[in-house]
Number of protein chains: 2
Amino acid sequence: MPRGRAPGYDTQREQILACAAELFARQGYTATSMNQVALACGVSKPSLYHYVRDKYQLLVEIAEDHVNRLKALVARAQQLPLDPPARMRELIGSFLEVYADAQAAHRVLTEDVKFLEPVDRERVLDAQREVVAAFAEAIADTRPALRATELHKPLTMLLFGMMNWMFTWLQPGGKLTHAAMAPIVADLFFGGLNAVRLPASQAPPARGTAAAAKKIARRA
Amino acid sequence: MPRGRAPGYDTQREQILACAAELFARQGYTATSMNQVALACGVSKPSLYHYVRDKYQLLVEIAEDHVNRLKALVARAQQLPLDPPARMRELIGSFLEVYADAQAAHRVLTEDVKFLEPVDRERVLDAQREVVAAFAEAIADTRPALRATELHKPLTMLLFGMMNWMFTWLQPGGKLTHAAMAPIVADLFFGGLNAVRLPASQAPPARGTAAAAKKIARRA
DNA sequence: CCTACCGATCGGTAGG
DNA sequence: CCTACCGATCGGTAGG
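Residues numbered from 1 in each chain as written. Chains lettered and ligands numbered in written order. Predicted model: local features only at pLDDT ≥ 70, side-chain atom pairs only at ≥ 80, totals over all residues. Heavy atoms only, no water.

**Section: the overall build of chain A**
Within chain A, the regular secondary structure consists of 11 helices and zero strands. Reading the secondary structure of chain A in the N-to-C direction produces α-α-α-α-α-α-α-α-α-α-α. Taken over 220 residues, chain A has a buried fraction of 51%. Sequence separation of at least 24 residues holds for 66% of the intrachain contacts in chain A that already meet a minimum separation of 6. Working note: accessible area of chain A is about 10,300 Å², and carbon and sulfur atoms make up 53% of it. (Helix = DSSP H or I, 4+ residues; strand = E, 2+ residues; numbered from the N terminus. Buried < 20%, exposed > 50% of the residue type's maximum accessible area, 1.4 Å probe, protein only. Contact = heavy atoms within 4.5 Å. Areas by Shrake-Rupley, 256 points an atom, 1.4 Å probe, with all protein chains shown as cover.)

So, in structure tokens, the structure goes:
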């Protein structure tokens, strides 16, 4: 048997990360004590410190692991041989699937990132920006005229708003699931895209948008 | 001059609430100390406690004031003589206007409500549920067939997702403003509504939605 | 209004 | 010698 970590060390470590994520998500990072983490994980506090350097490292790893999971989803979707609309539906579906499986980590990523030190925060936010940029490109691929207007970026953020807000109202045990919402989100977003009028107006008219769209297009 | 509070008491008190909301929004409720609040407000700590009973009361009043502001917007929109789509656009526009003016309070309402004690939290969440219910009705009024499917409730939450997520990506000083986004949000949402297929299928077809919509309709 | 200070609890680590 | 822990308590700092 090779020297090094005891068998089960990594397993125990992952359970601690999952368990800490649950507490951070429910109570917030600062309001959660290491005593609570230890209690919830079923280990003593000194033992807890055997698996993690300190409380801060818990936050860093939870956030970083999750954002890396999202980056992996994007990379996988880019490899699949799909047309632009199908790729977008794949992205939306796989993101909501991960959101459902890692709800605690996702909430920590969105609410507790402000507690990261600048260097760590920037690394996590950079990864997040990569993910958002990939979505924005996938969206622009479904409607290339969007690209010149720069409108695809705020539209991407509206899509993330729909998805990232779901943890506030979709109960884990409820009848309505993330999986059931995926096609609804996709239909709503694609249907809406066609209703947003572009500055050059290749699209069907929609009232009230022209002025705002021009204001945005002026930046480009 | 009548006895009672010194002149300017209420003004000073409101400034303290606004200033505390700013800190809570940036650092979170638990991570913010009363020393920081006093310093940022330009008063001594004992003086701060002359205007507010304790730290918890700051949180309660910030959240409650803001949700009451939102309830007032809904009440006003219901009085205006508008057809259903115009009323929805009015609601979206006025909400984003308040979001822009009270960004700190809005973030506290959405992120720190978990630190309220059960009785206070339920009171605030009840008010929030009233606001959401009014939006859901206004949405259903624009497309009555939605009501029977119960789909208008998750769709309402997707709309709130788009709006409530905006504070994460719309910088206060940026070229893109809440006001400019209002018609874009409205167009995207209305355009999307028409693409969501209903169980009884009075609507134009949209792929991938039928199964999920039926799953939801089964609850009714 | 300020300095000073309390009871309680924090994150983290000693000895065994 | 190593690891994997426990009971007890450290120095600092929070709200008030």
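The structure having been displayed, the exposition proceeds.
**Regarding the packing of helix H5 (residues 84-101) of chain A against helix H9 (residues 152-164) of chain A**
Residue and element names in this part refer to chain A. It is at 11 Å that the axes of H5 and H9 come closest, and there the two elements cross at 35°. For the pair H5 and H9, the sense of crossing is right-handed. Here H5 contributes Met88, Ile92, Phe95, Leu96 and Tyr99 to the contact with H9, which in turn contributes Leu159, Phe160, Met163 and Asn164. When its residues are assigned to classes, the contact of H5 with H9 shows eight nonpolar, one polar and no charged. (Axes fitted to C-alpha atoms, helices over the stretch in contact; angles between N-to-C directions. Left-handed = near helix turned anticlockwise from the far one by under 90°. Nonpolar A, V, L, I, M, F, W, Y, C, P; charged D, E, K, R; others polar.)

**Topic: the packing of aromatic side chains**
For the coordinates displayed, the defined rule picks out 14 aromatic pairs over all chains. Ring geometry for Phe95 of chain A against Phe135 of chain A: centres 4.8 Å apart, planes inclined by 75°, an arrangement best described as edge-to-face. Of the two residues, Phe95 of chain A is situated in helix H5 and Phe135 of chain A in helix H7 (residues 118-142); the sequence distance between them amounts to 40 residues. Accessibility assignment for this pair places Phe95 of chain A and Phe135 of chain A in one class, buried. Stacked on the ring of Tyr29 of chain B, the Lys or Arg Lys55 of chain B has its end atom at 4.6 Å from the ring centre. (Phe/Tyr/Trp six-rings, centres within 6.5 Å; stacked < 30°, edge-to-face > 60°. Lys NZ or Arg CZ within 6 Å of the ring centre and 35° of its normal.)

**Side note on the domain arrangement of chain A**
Residue and element names in this part refer to chain A. Segmentation of chain A into domains returns domain 1 (1-52) and domain 2 (56-217). Contacts between domain 1 and domain 2 engage 14 residues on the former and 12 residues on the latter. Both faces considered, domain 1 and domain 2 share a buried interface measuring about 1,100 Å² in area, 74% of it formed by carbon and sulfur atoms. On the domain 1 side of the interface with domain 2, the three residues burying the most area are Leu17, Ala25 and Tyr29, jointly 49% of the side's total. Counting the contacts that link domain 1 with domain 2 gives one salt bridge. (Domains from an automatic or database assignment. Buried area = accessible area lost by both parts, 1.4 Å probe. Salt bridge = Lys/Arg side-chain N within 4 Å of Asp/Glu carboxyl O.)

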